[in-house]
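# Inside the fold
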Amino acid sequence: MKTSIVGKGLPKFDAWPKVKGTVVYADDFAMPGMLYAKVLRSRYPAAAILAVDTARAKASPGVKAVLTAADVPNNNLRAKFGQSTDVGAQFEGLYRVLAEKKVRYVGEPIALVAADSEQAAEAALDLIEVTYEQLPGVFDPVEALKPGAYCVGENDTNAVSRFKIRKGDVDAAFKAADVVIENTYRMPFSDHAYLEPESGVAWIDEHGVVTIRVSTQVIEHFRTVAEVLGVPHNRVRVIGTWVGGGFGGKEDITVESFLALLTWYTGRPVKLTYTREESLLAHSKRHPFTIRNKIGAMRDGRLVAAEVELIADAGAYTYLSPWVLLYSTVNAAGPYNIPNVKVDAVAALTNNPFSSAFRGFGAIQPNFAYESQIDELGRQLGIDPVTIRELNCLQKGDSLATGYAYDRELVLGELAGRAWEALGPPREAGDSPVKIGRGLAIGMMSYGRLTFLHDTSRSYVKLELDGSVLLRCGVPDLGAGQAQALCQIVAEELGVPMDKIKMYIADSALTPLAGTSTATRQLYMSGNATLKAARELKDRLIKKAAALLNSSPADLRLADETIADATAPDKVLPLKTVVGHCSSDGDELYSEAQFNAPFTTVPVSELITGQTFADFTFGAYAVEVAVDTETGEVTLEKAIACFDVGKTINKLNAEGQLEGGGAISVGYALMENLMVSQGNLQTRSFTEYLIPTAMDLPDIGTIMVETESGIGPYGAKGVGEPSSNAMAPAITNAIRDAVGARITSLPATAEQVFTTMKFRK
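What counts as what
Residues numbered from 1 in each chain as written. Predicted model: local features only at pLDDT ≥ 70, side-chain atom pairs only at ≥ 80, totals over all residues. Heavy atoms only, no water. Helix = DSSP H or I, 4+ residues; strand = E, 2+ residues; numbered from the N terminus. Rg over C-alpha atoms; globule rule 2.2 N^0.38 Å. Buried < 20%, exposed > 50% of the residue type's maximum accessible area, 1.4 Å probe, protein only. Contact = heavy atoms within 4.5 Å. Areas by Shrake-Rupley, 256 points an atom, 1.4 Å probe, with all protein chains shown as cover. Pairing = 2+ DSSP bridges. Axes fitted to C-alpha atoms, helices over the stretch in contact; angles between N-to-C directions. Phe/Tyr/Trp six-rings, centres within 6.5 Å; stacked < 30°, edge-to-face > 60°. Salt bridge = Lys/Arg side-chain N within 4 Å of Asp/Glu carboxyl O. Expected span 1.5 Å × (residues − 1). Polar contact = N/O pair within 3.5 Å; in protein donor to acceptor, adjacent residues only side chain to side chain.

Named according to an unreviewed UniProt entry, the chain is Xanthine dehydrogenase family protein molybdopterin-binding subunit originating from Anaeroselena agilis.

So this is what it looks like as structure tokens:
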């Protein structure tokens, strides 16, 4: 489809303010008379709380409030995690504001303090006396699932969720297979490590509404916060700020309820910002997984069977573990057409930090496993990395392991081939201990939420009398250009320049609710809602102009603030003139539209069948690494991302997503390991928890294929989360190519690579 503004790499309108440092992030905001909050946290991973004495803290100078679980009107809620649809207990979880009776993990919040200064609040924390009785706890999901294991929560089981997939007869297929490969892969906890820790300010406005200005991916948490306070939903308002990094870590409630409670009790504005160490200790993590992956194939390389077992560590609370596990289950067999598939997945509570959303959301872990297996299969059969994938990858009309037939364009073989070819000629290492290797990996991931969540988004577009446009949409912008893309859609449809569009975002009271900025859904969902609203306005303008010009509506075009007849060059009207006629005639100059994703029913059993997602994005990474055989150190020297993006809405934003998705997974592949021992965090700062810097990354080349087959606006697909998934196996496959060592546990640190080389068979 030919477009004039959509597809251009226009700079984001928040780019210059961010470069100049004028953006007011959550912690930059202050109010007169504001108090400062601190959180007292558990020092034990498993313990009974026998008593909490706050008397000395309350008497401390400057302290205005000290709250415990007894002060929270509704401390335990069955949380929907931002959803408006009731999907049943199996996909919901306990949201406990403050610990009561017992603690489940180190860092669990027990009490809140608000004081005149941060120092006074910090000092008061030391005066709160908590009497504990330590309990044994359980720290391994396998142990947690055994009969008689310590129960992390109040239920008699630690199992959070179980899912399975059955397709064909795997036992018979493995017997008939010429080659069977089986390995077990392990992935650790990892932290989002965003630049901006959790932060917000709350106050009670002149109407008695608790207003929370907060760094969040989900302004719809206003409902849960209202239920915590025991007030109607319309008495809590959440205003989202520009987010200094989210990656899923700000999908769950962070500081919102704490701020609401403290401002509710004190009647004064309250600010709470976590320290870096507190952020590492207390917010959610990416799920550690242990994955046993067994595949069978014939001599010609064709896959005949896959059997996958996945065990996830949910940590101390459920949060989004059921959803993450379902993603992992559906993605377990990868983007391959395998006639016989068996998948069993389980997530278990432990007394470790709680796990929840993270970029890649349950697809990244099985991606590492299945792409390592495919690489190994190709090596055993002497088939090159591109061909082994072309032989087996899904084609249009093939069915996923769940039986859902994918009827959209599929160019996985092309993506793999183009990424591999773009690496160019390999570098010669010469006579040195450094060996050069290349790796390829492909992947798939949904964009948009699970279809049984009945996802919706709304957007409002209004024409002013001077022809400028007001756009309101409740989308939180994480820095990925979510808001910018909506403006380009409006500009494309109404023929208005970008600088004449003013947008308001992320206000639960004043902007139409657009749902969460998660699951790579905003371009798809809010993009379609905005497109629908803009086209409704466009239709009204064209009808009016057709009457004024005595033209056929089909011949009229909006561009450059005019409406012109394509068949008669002299028939042209300024947009402003047409808007004026609409206003005089009482025509509505605004439109609020809602877009509904495809709806399916909630799974009623562990067996997953049919459609679970609206659509998928497919892509490939090809990399070249240098491995020092004397130290095990790995250097990523080249990296190419090639993705089917459907249709590019903003070229710069799409490239940024591919580069960012690749970069974040370089850390996952090579260095990030949130170490936890018996529930205690060992990597408590960025001194111990290492993340990649610009010095660790090459320029990541990007190739964007436009099939226009997506279900987003103009055929676009989402790329934010899918772009993070295949980088890690591409790197470990390259290490295998360089030195013959198959990495099965992430991260592939120098020590890990050296040890694997030394002890490989």
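Resuming the write-up.
### Notes on the overall build of the chain
Along its length, the chain carries 18 helices and 30 strands. Relative to a compact globule of 761 residues, whose C-alpha radius of gyration would be 27 Å, the chain shows 27 Å and is just as compact. Over its C-alpha atoms, taken along the principal directions, the chain stretches across nearly 80 × 75 × 55 Å. Sorting the 761 residues of the chain into buried and exposed places 62% on the buried side. Sequence separation of 24 or more characterises 81% of the internal contacts of the chain that already satisfy a separation of 6 or more. Summing over all exposed atoms, the chain offers an accessible surface of approximately 27800 Å²; the carbon and sulfur share of this is 50%.

### Description of the sheet that holds strand E27 (residues 634-644)
A sheet is described by the order of its strands in space; here 4 strands give the open sequence E18-E26-E27-E30, paired in mixed fashion. Edge positions in the sheet fall to strand E18 (434-446) and strand E30 (700-705), since each has one partner strand and no second. Neighbour-to-neighbour, the strand axes of the sheet open up by a mean angle of 15°, direction not taken into account. Contacting E18, strand E26 (616-628), E27 and E30, helix H12 (residues 412-422) crosses the sheet at an angle of about 25° to E26.

### Brief notes about the packing of aromatic side chains
Applying the stated criterion across every chain, the model contains 21 aromatic pairs. Between Tyr 460 and Tyr 590, the ring centres sit 6.0 Å apart and the planes meet at 20°, which makes this aromatic pair stacked. One end of the pair, Tyr 460, is in strand E19 (residues 456-463); the other, Tyr 590, is in strand E25 (residues 590-596), with 130 residues separating them in the sequence. Overall, Tyr 460 belongs to the buried group, its relative accessible area being 11%. Pairing Tyr 524 with Phe 595 gives two aromatic rings, centres 5.6 Å apart and planes at 75°, and the pair type is edge-to-face. A residue pair is termed long-range when its members are at least 10 positions apart, and Tyr 524 in helix H14 (residues 522-549) and Phe 595 in strand E25 qualify at 71 residues. By relative accessible area, Tyr 524 is classed as buried at 3%.

### Focus on the sheet that holds E19
Picture the strands of a sheet paired through backbone hydrogen bonds; they go either parallel or antiparallel. Taken in spatial order, the 4 strands make up an open sheet running E21-E20-E19-E25, and their pairing is mixed. In this open sheet, the two edge strands, each paired with only one partner strand, are strand E21 (501-505) and E25. Geometrically, the sheet is characterised by an average inter-axis angle of 15° between neighbouring strands, direction not taken into account. Pairing of strand E20 (residues 469-473) with E21, which is carried by 5 bridges, proceeds in the parallel orientation. Across the sheet, Val 469 pairs through a bridge with Ile 501, a residue of E21.

### Details of the pattern of salt bridges
Under the counting rule described, the total for this entry stands at 41 salt bridges. With a closest N to O distance of 2.8 Å, Glu 637 and Arg 427 form a salt bridge. With Glu 637 in strand E27 and Arg 427 in the loop between H12 and E18, this residue pair connects regions lying 210 residues apart in the sequence. Residue class for Glu 637 comes out partly exposed when judged on its relative accessible area of 28%. Residue Arg 521 is joined to Asp 455 by a salt bridge in which the shortest nitrogen-to-oxygen separation is 2.7 Å. You can see Arg 521 sitting in the loop between E21 and H14 and its partner Asp 455 sitting in the loop between E18 and E19, a full 66 residues away along the chain. Here Arg 521 falls in the buried class, since its relative accessible area comes to 1%. A single salt-bridge network, built from bridges that share partners, covers Asp 375, Glu 376, Arg 379, Arg 736, Asp 737 and Arg 742.

### Overview of unusual backbone geometry
Cis geometry is found at the peptide bond from Leu 746 to Pro 747, where omega equals -5°. If you trace the backbone, Pro 747 turns up in the loop between helix H17 (727-739) and helix H18 (750-759). You will see that Tyr 319, though not glycine, has its phi angle at about 40°, which is positive. Overall, the relative accessible area of 9% leaves Tyr 319 in the buried class. Its identity as a non-glycine residue notwithstanding, Tyr 714 has a phi of 65°, on the positive side. Mapped onto the secondary structure, Tyr 714 falls in the loop between E30 and H17. What makes Tyr 714 buried here is its relative accessible area of 8%.

### Focus: helix H16 (residues 651-670)
Relative to the 28 Å expected for 20 residues at 1.5 Å per residue, H16 spans 29 Å between its end C-alpha atoms, a close match to the ideal helical length. Burial runs high along H16: 15 of the 20 residues are buried. Of the residues flanking the start of H16, the one acting as N-cap is Asn 650, its side-chain oxygen 3.0 Å from the backbone nitrogen of Leu 652.

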